[in-house]
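Residue strings, one per chain:
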Amino acid sequence: MAESKEPEDRPGSSSENVQIPENLSKEEYVKMAKAAKEEKRFKDMVKIMEKVVVGLSETEELTVEERELFAVAYKTVFFTLQTVWLKVSKEEEIADQLEDKTEVLKVRDTMFEIEAEITELFDEGILKLLKDKLESSASTSESKVYYLTLRGDYCKQLLKYKYGYDLEKLKADAIEAYGRAAQEIAKADFHPTDPTRLRVALSIATFYHDILNASREAFDMAREAHDQAISKLDGLEGEALQETEALLERLRDFLARVLAHEEEVEAAKEFVKSFADADLLR
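Residues numbered from 1 in each chain as written. Predicted model: local features only at pLDDT ≥ 70, side-chain atom pairs only at ≥ 80, totals over all residues. Heavy atoms only, no water.

Novice: Provide a residue-level description of the overall build of the protein chain, including the pertinent values.
Specialist: Summing up its helical and strand segments, the protein chain has nine helices and zero strands in all. Counting only residues that meet the buried cut, the protein chain has 43% of its 282 residues in that class. Taking all contacts inside the protein chain whose residues are at least 6 apart in sequence as the whole, residues at least 24 apart take part in 72%. When the accessible surface of the protein chain is totalled, it reaches about 15,900 Å², and 51% of it is carbon and sulfur. (Helix = DSSP H or I, 4+ residues; strand = E, 2+ residues; numbered from the N terminus. Buried < 20%, exposed > 50% of the residue type's maximum accessible area, 1.4 Å probe, protein only. Contact = heavy atoms within 4.5 Å. Areas by Shrake-Rupley, 256 points an atom, 1.4 Å probe, with all protein chains shown as cover.)

Novice: So what's going on with the pattern of salt bridges? Residues and values would help.
Specialist: Scanning all chains against the criterion turns up 24 salt bridges. Two residues, Lys131 and Asp173, come together in a salt bridge whose shortest N-O distance is 3.3 Å. Of this pair, Lys131 sits in helix H4 (residues 101–137) while Asp173 is found in helix H6 (residues 167–189), placing the two residues 42 residues apart along the sequence. Judged by relative accessible area, Lys131 falls into the partly exposed class, the value being 39%. Taking relative accessible area as the criterion, Asp173 reaches 10% and is therefore assigned buried. Of the charged contacts, one joins Asp173 and Arg151 as a salt bridge, the two residues approaching to 2.4 Å between their closest N and O atoms. Taken together, the positions of Asp173 in helix H6 and Arg151 in helix H5 (residues 141–161) put the pair 22 residues apart, joining distant regions of the chain. There is no split in this pair, since Asp173 and Arg151 are both buried. (Salt bridge = Lys/Arg side-chain N within 4 Å of Asp/Glu carboxyl O.)

Novice: Outline the packing of aromatic side chains, listing residues and values.
Specialist: The final tally for this structure, using the stated rule, is seven aromatic pairs. When the centroid spacing of 5.5 Å and the interplanar angle of 80° are considered together, the rings of Tyr146 and Tyr147 count as edge-to-face. Here Tyr146 matches Tyr147 in class, with each residue buried. Between Phe207 and Tyr208, the ring centres sit 5.8 Å apart and the planes meet at 85°, which makes this aromatic pair edge-to-face. Here Phe207 and Tyr208 have matching classes, each one buried. Each member of the aromatic cluster is reached from another via a ring pair, and the members are Phe78, Phe122 and Tyr154. If you follow Arg67 out to its NZ or CZ, it ends over the ring of Tyr146, 4.0 Å from the centre. (Phe/Tyr/Trp six-rings, centres within 6.5 Å; stacked < 30°, edge-to-face > 60°. Lys NZ or Arg CZ within 6 Å of the ring centre and 35° of its normal.)

Novice: Tell me about H6, and please be specific about residues and values.
Specialist: Taking 1.5 Å of rise per residue, 23 residues should cover 33 Å, and H6 covers 31 Å from first to last C-alpha, within 8% of that figure. A bend of about 30° at Gly179 is the largest found in H6. Buried residues of H6: Leu170, Asp173, Ala174, Ala177, Tyr178, Gly179, Ala181, Ala182, Ile185 and Ala186, and no others. Packed against the buried residues of H6 are H4, H5 and helix H7 (195–210). Measuring from the backbone nitrogen of Glu168 back to the side-chain oxygen at the start of H6 gives 3.3 Å, which picks out Asp166 as the cap. (Expected span 1.5 Å × (residues − 1). Bend = angle between axes of the 7 residues up to and from the residue. Polar contact = N/O pair within 3.5 Å; in protein donor to acceptor, adjacent residues only side chain to side chain.)

Novice: How would you sum up the packing of H4 against H5? Please name residues and give values.
Specialist: Where H4 meets H5, the closest approach of the two axes is 10 Å, and the angle between their N-to-C directions is 160°. Compared by their axis directions, H4 and H5 come out roughly antiparallel. Seen along the crossing, H4 lies across H5 with a hand that is left-handed. Here Ile118, Phe122, Ile126, Leu127, Leu130, Lys131, Leu134 and Glu135 of H4 come into contact with H5, specifically with Tyr147, Leu148, Leu150, Arg151, Tyr154, Cys155 and Leu158. Classifying every residue of the contact of H4 with H5 gives 12 nonpolar, no polar and three charged. (Axes fitted to C-alpha atoms, helices over the stretch in contact; angles between N-to-C directions. Parallel < 35°, antiparallel > 145°, perpendicular 65-115°, else oblique. Left-handed = near helix turned anticlockwise from the far one by under 90°. Nonpolar A, V, L, I, M, F, W, Y, C, P; charged D, E, K, R; others polar.)

Here it is in C-alpha coordinates:
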(Lines give C-alpha, C1' and ligand atoms only; values in the text may rest on other atoms or scores of the structure.)
Protein backbone atom coordinates (compact mmCIF):
# COMPACT_ATOMS: atom_id res chain seq x y z
CA MET A 1 0.00 0.00 0.00
CA ALA A 2 1.11 3.59 -0.65
CA GLU A 3 3.05 5.37 2.09
CA SER A 4 1.32 8.17 3.99
CA LYS A 5 1.75 10.12 7.20
CA GLU A 6 -0.82 10.27 9.95
CA PRO A 7 -3.04 13.34 9.33
CA GLU A 8 -3.38 16.07 11.89
CA ASP A 9 -7.17 16.12 11.62
CA ARG A 10 -9.44 13.33 12.87
CA PRO A 11 -12.54 11.68 11.37
CA GLY A 12 -15.49 13.98 11.73
CA SER A 13 -13.28 17.09 11.93
CA SER A 14 -14.96 20.38 11.00
CA SER A 15 -12.15 20.89 8.49
CA GLU A 16 -13.64 18.14 6.33
CA ASN A 17 -17.13 19.38 5.51
CA VAL A 18 -16.43 20.76 2.04
CA GLN A 19 -19.20 20.15 -0.48
CA ILE A 20 -17.80 18.26 -3.45
CA PRO A 21 -19.31 19.65 -6.69
CA GLU A 22 -20.88 17.34 -9.28
CA ASN A 23 -20.06 16.87 -12.96
CA LEU A 24 -16.53 18.25 -13.01
CA SER A 25 -13.91 16.90 -15.39
CA LYS A 26 -11.42 14.31 -14.18
CA GLU A 27 -8.65 16.91 -14.36
CA GLU A 28 -10.63 19.31 -12.14
CA TYR A 29 -11.31 16.59 -9.55
CA VAL A 30 -7.66 15.54 -9.52
CA LYS A 31 -6.65 19.16 -8.93
CA MET A 32 -9.13 19.29 -6.02
CA ALA A 33 -7.71 16.03 -4.62
CA LYS A 34 -4.18 17.43 -4.67
CA ALA A 35 -5.36 20.55 -2.84
CA ALA A 36 -7.18 18.41 -0.25
CA LYS A 37 -4.00 16.40 0.27
CA GLU A 38 -1.94 19.56 0.80
CA GLU A 39 -4.52 20.81 3.34
CA LYS A 40 -4.70 17.39 5.04
CA ARG A 41 -8.43 17.06 4.27
CA PHE A 42 -8.18 13.34 3.63
CA LYS A 43 -11.86 12.47 4.01
CA ASP A 44 -12.62 15.08 1.34
CA MET A 45 -9.83 13.55 -0.73
CA VAL A 46 -11.55 10.15 -0.51
CA LYS A 47 -14.84 11.62 -1.74
CA ILE A 48 -13.10 13.41 -4.60
CA MET A 49 -11.17 10.34 -5.76
CA GLU A 50 -14.36 8.27 -5.58
CA LYS A 51 -15.87 10.65 -8.12
CA VAL A 52 -12.80 10.28 -10.31
CA VAL A 53 -13.05 6.48 -10.29
CA VAL A 54 -16.85 6.32 -10.72
CA GLY A 55 -16.55 8.68 -13.69
CA LEU A 56 -14.11 6.47 -15.58
CA SER A 57 -15.35 4.87 -18.78
CA GLU A 58 -15.05 1.09 -19.24
CA THR A 59 -11.80 1.49 -21.17
CA GLU A 60 -10.35 4.34 -19.13
CA GLU A 61 -8.03 3.87 -16.16
CA LEU A 62 -6.18 5.94 -13.62
CA THR A 63 -2.70 7.25 -14.32
CA VAL A 64 0.06 6.25 -11.89
CA GLU A 65 -0.21 9.65 -10.20
CA GLU A 66 -4.01 9.37 -9.89
CA ARG A 67 -3.95 5.88 -8.44
CA GLU A 68 -1.39 7.01 -5.85
CA LEU A 69 -3.74 9.83 -4.84
CA PHE A 70 -6.54 7.25 -4.60
CA ALA A 71 -4.47 4.88 -2.45
CA VAL A 72 -3.09 7.62 -0.18
CA ALA A 73 -6.56 9.05 0.48
CA TYR A 74 -8.00 5.75 1.65
CA LYS A 75 -4.93 4.61 3.56
CA THR A 76 -4.68 7.86 5.49
CA VAL A 77 -8.35 7.93 6.52
CA PHE A 78 -8.13 4.27 7.49
CA PHE A 79 -4.93 4.88 9.46
CA THR A 80 -6.68 7.65 11.40
CA LEU A 81 -9.73 5.51 12.18
CA GLN A 82 -7.50 2.59 13.12
CA THR A 83 -5.45 4.76 15.50
CA VAL A 84 -8.59 6.02 17.24
CA TRP A 85 -10.05 2.50 17.38
CA LEU A 86 -6.91 1.11 19.01
CA LYS A 87 -6.91 3.91 21.57
CA VAL A 88 -10.58 3.35 22.41
CA SER A 89 -10.09 -0.43 22.63
CA LYS A 90 -7.41 0.19 25.27
CA GLU A 91 -9.87 2.37 27.18
CA GLU A 92 -12.42 -0.46 27.01
CA GLU A 93 -9.86 -2.88 28.41
CA ILE A 94 -9.08 -0.56 31.33
CA ALA A 95 -12.76 0.07 32.07
CA ASP A 96 -13.43 -3.67 31.95
CA GLN A 97 -10.59 -4.34 34.43
CA LEU A 98 -12.04 -1.69 36.75
CA GLU A 99 -15.49 -3.30 36.35
CA ASP A 100 -16.92 0.08 35.36
CA LYS A 101 -19.93 -1.20 33.38
CA THR A 102 -21.20 2.27 32.49
CA GLU A 103 -17.85 3.28 31.02
CA VAL A 104 -17.52 -0.06 29.21
CA LEU A 105 -20.87 0.48 27.46
CA LYS A 106 -19.96 4.06 26.59
CA VAL A 107 -16.61 3.07 25.13
CA ARG A 108 -18.12 0.17 23.19
CA ASP A 109 -20.64 2.52 21.60
CA THR A 110 -17.72 4.65 20.42
CA MET A 111 -15.96 1.57 19.05
CA PHE A 112 -19.09 0.52 17.15
CA GLU A 113 -19.32 4.00 15.60
CA ILE A 114 -15.71 3.80 14.43
CA GLU A 115 -16.25 0.28 13.08
CA ALA A 116 -19.28 1.53 11.14
CA GLU A 117 -17.10 4.21 9.56
CA ILE A 118 -14.46 1.62 8.65
CA THR A 119 -17.11 -0.65 7.15
CA GLU A 120 -18.51 2.18 5.02
CA LEU A 121 -15.00 3.22 3.96
CA PHE A 122 -14.27 -0.28 2.67
CA ASP A 123 -17.57 -1.91 1.67
CA GLU A 124 -18.97 1.13 -0.13
CA GLY A 125 -15.57 2.59 -0.91
CA ILE A 126 -12.24 1.14 -1.86
CA LEU A 127 -13.06 -2.59 -1.99
CA LYS A 128 -16.15 -1.95 -4.11
CA LEU A 129 -14.32 0.46 -6.43
CA LEU A 130 -11.41 -1.94 -6.83
CA LYS A 131 -13.66 -4.87 -7.70
CA ASP A 132 -16.26 -3.08 -9.79
CA LYS A 133 -14.11 -0.56 -11.65
CA LEU A 134 -10.35 -0.51 -11.32
CA GLU A 135 -9.43 -4.18 -11.56
CA SER A 136 -11.65 -4.79 -14.57
CA SER A 137 -10.44 -1.71 -16.46
CA ALA A 138 -6.73 -2.32 -15.81
CA SER A 139 -5.06 -2.89 -19.17
CA THR A 140 -1.50 -3.79 -18.16
CA SER A 141 -0.11 -6.58 -16.03
CA GLU A 142 1.51 -4.01 -13.75
CA SER A 143 -1.75 -2.16 -13.05
CA LYS A 144 -3.68 -5.41 -12.56
CA VAL A 145 -1.13 -6.62 -10.00
CA TYR A 146 -1.17 -3.21 -8.29
CA TYR A 147 -4.95 -3.20 -7.75
CA LEU A 148 -5.23 -6.87 -6.80
CA THR A 149 -2.40 -6.53 -4.28
CA LEU A 150 -3.98 -3.36 -2.90
CA ARG A 151 -7.26 -5.24 -2.34
CA GLY A 152 -5.43 -8.12 -0.68
CA ASP A 153 -3.49 -5.74 1.56
CA TYR A 154 -6.66 -3.98 2.75
CA CYS A 155 -8.37 -7.29 3.46
CA LYS A 156 -5.28 -8.27 5.45
CA GLN A 157 -5.56 -5.11 7.56
CA LEU A 158 -9.26 -5.71 8.22
CA LEU A 159 -8.53 -9.30 9.24
CA LYS A 160 -5.78 -8.16 11.58
CA TYR A 161 -8.14 -6.08 13.71
CA LYS A 162 -11.45 -7.74 12.70
CA TYR A 163 -13.75 -4.71 13.16
CA GLY A 164 -16.86 -6.92 13.18
CA TYR A 165 -16.34 -8.26 9.65
CA ASP A 166 -17.21 -11.68 8.25
CA LEU A 167 -13.69 -13.04 8.63
CA GLU A 168 -14.09 -16.10 6.42
CA LYS A 169 -15.38 -13.95 3.56
CA LEU A 170 -12.49 -11.54 4.01
CA LYS A 171 -9.98 -14.40 4.00
CA ALA A 172 -11.45 -15.80 0.79
CA ASP A 173 -11.40 -12.34 -0.80
CA ALA A 174 -7.75 -11.81 0.14
CA ILE A 175 -6.70 -15.26 -1.08
CA GLU A 176 -8.49 -14.66 -4.39
CA ALA A 177 -6.89 -11.23 -4.90
CA TYR A 178 -3.39 -12.28 -3.87
CA GLY A 179 -3.68 -15.53 -5.79
CA ARG A 180 -4.58 -13.81 -9.05
CA ALA A 181 -1.87 -11.20 -8.55
CA ALA A 182 0.86 -13.66 -7.57
CA GLN A 183 0.04 -16.81 -9.49
CA GLU A 184 -1.85 -15.81 -12.62
CA ILE A 185 -0.11 -12.54 -13.44
CA ALA A 186 3.15 -11.87 -11.60
CA LYS A 187 4.69 -15.29 -12.21
CA ALA A 188 3.51 -15.38 -15.81
CA ASP A 189 4.35 -11.84 -16.89
CA PHE A 190 7.26 -10.63 -14.75
CA HIS A 191 10.90 -11.70 -14.55
CA PRO A 192 11.88 -13.34 -11.21
CA THR A 193 13.98 -10.27 -10.33
CA ASP A 194 11.25 -7.76 -11.13
CA PRO A 195 10.35 -5.67 -8.03
CA THR A 196 6.62 -6.05 -8.74
CA ARG A 197 6.89 -9.83 -8.60
CA LEU A 198 9.00 -9.74 -5.44
CA ARG A 199 6.64 -7.30 -3.66
CA VAL A 200 3.65 -9.50 -4.43
CA ALA A 201 5.48 -12.56 -3.12
CA LEU A 202 6.31 -10.74 0.12
CA SER A 203 2.73 -9.49 0.55
CA ILE A 204 1.10 -12.88 0.08
CA ALA A 205 3.71 -14.68 2.22
CA THR A 206 3.12 -12.16 5.03
CA PHE A 207 -0.62 -12.70 4.74
CA TYR A 208 -0.26 -16.49 5.00
CA HIS A 209 2.02 -16.20 8.02
CA ASP A 210 0.42 -13.35 9.97
CA ILE A 211 -3.27 -13.95 9.21
CA LEU A 212 -3.73 -17.58 8.20
CA ASN A 213 -1.03 -18.91 10.58
CA ALA A 214 0.23 -21.02 7.69
CA SER A 215 3.96 -20.67 8.39
CA ARG A 216 5.11 -23.51 6.18
CA GLU A 217 3.27 -22.20 3.12
CA ALA A 218 4.44 -18.65 3.84
CA PHE A 219 8.06 -19.75 4.16
CA ASP A 220 7.92 -21.77 0.93
CA MET A 221 6.40 -18.86 -1.03
CA ALA A 222 8.99 -16.37 0.16
CA ARG A 223 11.87 -18.83 -0.26
CA GLU A 224 10.82 -19.69 -3.81
CA ALA A 225 10.60 -16.02 -4.83
CA HIS A 226 13.95 -15.27 -3.19
CA ASP A 227 15.82 -18.21 -4.70
CA GLN A 228 14.41 -17.71 -8.20
CA ALA A 229 15.47 -14.06 -8.14
CA ILE A 230 18.95 -14.84 -6.79
CA SER A 231 19.54 -17.26 -9.67
CA LYS A 232 18.66 -14.59 -12.25
CA LEU A 233 20.58 -11.56 -10.94
CA ASP A 234 23.20 -11.64 -13.72
CA GLY A 235 22.80 -8.64 -15.99
CA LEU A 236 21.11 -6.39 -13.43
CA GLU A 237 22.94 -3.19 -12.52
CA GLY A 238 22.45 0.31 -11.20
CA GLU A 239 19.11 1.30 -9.66
CA ALA A 240 17.40 -1.86 -10.92
CA LEU A 241 19.90 -4.02 -9.03
CA GLN A 242 19.63 -1.87 -5.89
CA GLU A 243 15.82 -2.10 -5.81
CA THR A 244 15.86 -5.86 -6.34
CA GLU A 245 18.52 -6.37 -3.67
CA ALA A 246 16.53 -4.27 -1.20
CA LEU A 247 13.48 -6.48 -1.74
CA LEU A 248 15.57 -9.63 -1.47
CA GLU A 249 16.82 -8.34 1.89
CA ARG A 250 13.22 -7.86 3.02
CA LEU A 251 12.42 -11.41 1.93
CA ARG A 252 15.40 -12.72 3.92
CA ASP A 253 14.24 -10.74 6.97
CA PHE A 254 10.80 -12.28 6.59
CA LEU A 255 12.24 -15.80 6.28
CA ALA A 256 14.30 -15.22 9.44
CA ARG A 257 11.17 -14.00 11.26
CA VAL A 258 9.22 -17.10 10.23
CA LEU A 259 12.02 -19.40 11.38
CA ALA A 260 12.33 -17.56 14.71
CA HIS A 261 8.59 -17.86 15.25
CA GLU A 262 8.64 -21.56 14.44
CA GLU A 263 11.48 -22.10 16.91
CA GLU A 264 9.48 -20.30 19.61
CA VAL A 265 6.44 -22.45 18.89
CA GLU A 266 8.49 -25.65 19.05
CA ALA A 267 10.13 -24.51 22.30
CA ALA A 268 6.68 -23.80 23.77
CA LYS A 269 5.47 -27.25 22.71
CA GLU A 270 8.49 -28.89 24.31
CA PHE A 271 7.92 -26.87 27.48
CA VAL A 272 4.28 -27.96 27.69
CA LYS A 273 5.23 -31.55 26.83
CA SER A 274 7.78 -31.62 29.67
CA PHE A 275 5.02 -30.88 32.16
CA ALA A 276 2.77 -33.52 30.60
CA ASP A 277 5.56 -36.10 30.78
CA ALA A 278 6.24 -35.18 34.41
CA ASP A 279 2.57 -35.71 35.25
CA LEU A 280 2.62 -39.12 33.61
CA LEU A 281 5.62 -40.16 35.73
CA ARG A 282 3.90 -39.32 38.98
